[in-house]
There are 2 protein chains.
Amino acid sequence: MKYYIGIDLGGTNIAAGIVDKTGKIIAKDSVPTLNTRPIEAIMLDMTKLCKTLLDKSQMDINKIEAVGIGCPGTVDNKNGIISYSNNIPMKNVPMRKFMEKQLNISVNLENDANAAALGEYTANGHNASSYILITLGTGIGGGAVINSKIYRGFNGVGIEPGHMTLINGGERCTCGKHGCWETYGSVTALINQTKLKMTDNPDSLMHKISGKFGEVNGRVAFEAAKAGDRAGLEVVEKYTEYVADGITSVINIFEPEILVIGGGISKEGEYLLNPIRKFVEINEFNKYRPKTKIEIASLNNDAGIIGAALSANR
Amino acid sequence: MKYYIGIDLGGTNIAAGIVDKTGKIIAKDSVPTLNTRPIEAIMLDMTKLCKTLLDKSQMDINKIEAVGIGCPGTVDNKNGIISYSNNIPMKNVPMRKFMEKQLNISVNLENDANAAALGEYTANGHNASSYILITLGTGIGGGAVINSKIYRGFNGVGIEPGHMTLINGGERCTCGKHGCWETYGSVTALINQTKLKMTDNPDSLMHKISGKFGEVNGRVAFEAAKAGDRAGLEVVEKYTEYVADGITSVINIFEPEILVIGGGISKEGEYLLNPIRKFVEINEFNKYRPKTKIEIASLNNDAGIIGAALSANR
């Protein structure tokens, strides 16, 4: 059996695992990123984490074929360089070279959303010829697996579906453009939409629910809607329509065999999926051919580890 | 040398050519489609056209490897069936089987925009790993060539970039969805935008120019803008921004090495391209890696013939 190490380098934690070629995690562990440290210190902690995993599973490094690292930001996969990252301040960091020198083993760098898409595909992709992961989180991320391979565009930046325009001339996005899908469909956007509605509706159940959580988070409007709160339901219906409209655009472009939705909000499950499926069914361009299956992602945080590991299997 | 026949089945004309494997047209001809006839009559005219081309170039049919047909609408490439077409009324037409029986040669069916993309790629794609054609015409069409192959999605319907949403909840599109890019960026949309502005501006030069053309067409606002007409310029600026915003979305998703713009309006050349390039440069997500080249398509109507022919080279 071939084994790989996958590292999911996040803004908060570095998670890593030893993964077999079928995508099964043999051992996993994590350490805090402490993302304001110099990047060299973070990279040394990544190498330490690899060694911890090998010790833990009593495995020698020569049993590992390669290491894959999923990173946020703009990843130059071809040259093994993190061109730019915001979450963990990096600019032109030659991470592959550094890690290969430390570990004496082949290393692949991958955008984290692309890695997660490969992870989900390996676990539940049913060998689909085209497979898209959309993650609804702080922003909207995405990855495409076409003919079993990550699609990166020619420059490693693809795909960025969160930065399709949903409303021409709309709200300014963190990327600088106006009206990006993620300014309406991300959890950050949902929280803003919830807060606005709460201000306009002082009697809404959302106030009580957010008090219970100690904050206005992405669950407040959903909990309120499920309890029959009108204002909460309005927030959920509008938000779900924004999400569904963007998903329809992605489907009209890629016509993927399977599209899965991940990120924290995907825990709402069928309550989120049903109206999305209904919107897509009514609005998608394809009316005469088999339809894209829309599902909830299944791996949660492990998708990044598994996908990073298998991205190294080139 | 290998030769193919490419047929571009359009709503008005059936154009066909004998094409060598490098994409060079050896002979071409066309006949009117007369698109209200029974489809069998149209298909028999397509076979006649093939024979005319062979006679014209004194070539025997056994020198032809295969025939490719580019069709409007929803094409089931795998099973050789036109699932649905609006321009030429068709529903579940087994065109491949019919044509193979008539010609006794292998036939491939392809969506016309996908075929055109392959044609442009072959002529001017410079072996780009990812290549997108966007056509601005009655609607907005598109095709993607990824690793030298047409990307069709899993069901033959991909790609339909004209049916990405540009304005959530906006104008109703012919596809049934609201706010599709093509309801703002197609030539049909440009003509509507021109007419509206003319009504509000009785003194605009656009009235004189449309009088000269005998109609309000896609050139009226551009001609007026170039002659210094303020209202004409406003139409062109707004229209170009709609086009550029959609192009930016396509680039943010595919990150193609090259994106080319075709269709009638592309004859405006640099006058259209310059503001699009400027908009994309400011607004695209990719800020740290090599950029997508944006060009005008070069083949005009021959793209469909060449692409259809080479799509048969499987």
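Reading the values: rules and limits
- All residue numbers refer to position in the chain's written sequence, counted from 1.
- Each chain takes a letter, starting from A, and each ligand takes a number, starting from 1, following the order in which they are written.
- Local features in a predicted model are, by the rule used here, given only for residues with pLDDT of at least 70; side-chain atom pairs are given and counted only at 80 or more, and totals for whole chains, interfaces and linings are based on all residues.
- With hydrogens and water set aside, each side-chain value is computed from the structure's full complement of heavy atoms.
- Whether a residue is buried, partly exposed or exposed follows from its accessible area with a 1.4 Å probe, protein chains only, as a fraction of its type maximum: under 20%, in between, or over 50%, in that order.
- Numbering of helices and strands runs from the N terminus, with a helix taken as a DSSP run of H or I at least four residues long and a strand as a DSSP run of E at least two residues long.
- We call two strands paired when DSSP finds no fewer than two bridges between them.
- Every helix has an expected span of 1.5 Å times one less than the residues it contains.
- Note on definitions: a residue-residue contact is assigned when non-hydrogen atoms from the two residues lie within 4.5 Å.
- A least-squares superposition brings the copies together, and it is based on the C-alpha atoms of residues with pLDDT no lower than 70 in both.
- Domain borders in the structure are assigned automatically or taken from a domain database.
- Summed over both partners, the accessible area lost on bringing two parts together, with a 1.4 Å probe, is the buried area.

A. The pairing of strand β12 (residues 258-262) of chain B, seen in detail. Residues and elements named next belong to chain B. The element β12 is extensively covered by neighbouring structure, given that 5 of its 5 residues are classed as buried. Side chains of β12 alternate between two faces, with Ile-258, Val-260 and Gly-262 and Leu-259 and Ile-261 buried alike. Pairing geometry for strand β9 (residues 130-136) and β12, over 5 bridges, is parallel. In the strand pairing of β12, Leu-133 is matched with Val-260. Where β12 lies against strand β13 (residues 293-296), 4 bridges are found, and the strand directions are parallel. Paired with Ile-258 across the strands is Lys-293, a residue of β13.

B. Quick peek at unusual backbone geometry. The linkage connecting Gly-158 of chain A with the following residue, Ile-159 of chain A, adopts the cis geometry, with an omega of 0 degrees. Note on placement: Ile-159 of chain A falls in the loop between β11 (149-150) and α4 (182-185). For Glu-255 of chain B, which is not a glycine, the phi torsion comes out positive at approximately 40 degrees. Within the secondary structure, Glu-255 of chain B sits in the loop between α8 (230-254) and β12. For Glu-255 of chain B, a relative accessible area of 0% translates into the label buried.

C. Representation of helix α5 (residues 187-200) of chain B. Residue and element names in this part refer to chain B. Taking 1.5 Å of rise per residue, 14 residues should cover 20 Å, and α5 covers 20 Å from first to last C-alpha, within 8% of that figure. Regarding α5, the residues found buried are Val-187, Ala-189, Leu-190, Ile-191, Gln-193, Thr-194 and Met-198. For α5, the elements touching its buried residues are β9, α4 (182-185), α6 (206-213), α7 (220-226) and α8.

D. Region of interest: the relation of the copies chain A and chain B. By a simple turn and slide, chain A fits onto chain B: the slide is 0.0 Å along the axis, the RMSD is 0.0 Å, and the turn is 180 degrees. Viewed as a symmetry operation, the transformation between the two copies matches a two-fold axis. Across chain A, the smallest distance between a C-alpha and the rotation axis is recorded for Ile-167 of chain A, namely 2.2 Å. When the interface residues of chain A are mapped onto chain B, 100% of them are again interface residues, pointing to one common binding face.

E. Structural detail: the domain arrangement of chain A. All names here are of chain A. Each assigned domain of chain A is listed with its residue range as follows: domain 1 (3-120 + 302-311) and domain 2 (126-296). Taken together, the contacts link 15 residues of domain 1 with 17 residues of domain 2. When domain 1 packs against domain 2, the two sides together hide about 1,000 Å² of surface, and 57% of this comes from carbon and sulfur. In terms of surface lost to domain 2, no three residues of domain 1 exceed Asn-114, Ala-117 and Glu-120, which account for 43% of the buried area on that side.

F. How the structure looks around the pairing of strand β8 (residues 107-111) of chain A. Residues and elements named next belong to chain A. With 5 of 5 residues buried, β8 lies mostly within the body of the structure. What you see with β8 is no split at all: Val-107, Leu-109 and Asn-111 on one side and Asn-108 and Glu-110 on the other are buried throughout. Bridge count between strand β4 (residues 64-71) and β8: 5 bridges; the pairing is parallel. Its bridge partner being in β8, Cys-71 is matched across the sheet by Asn-111.

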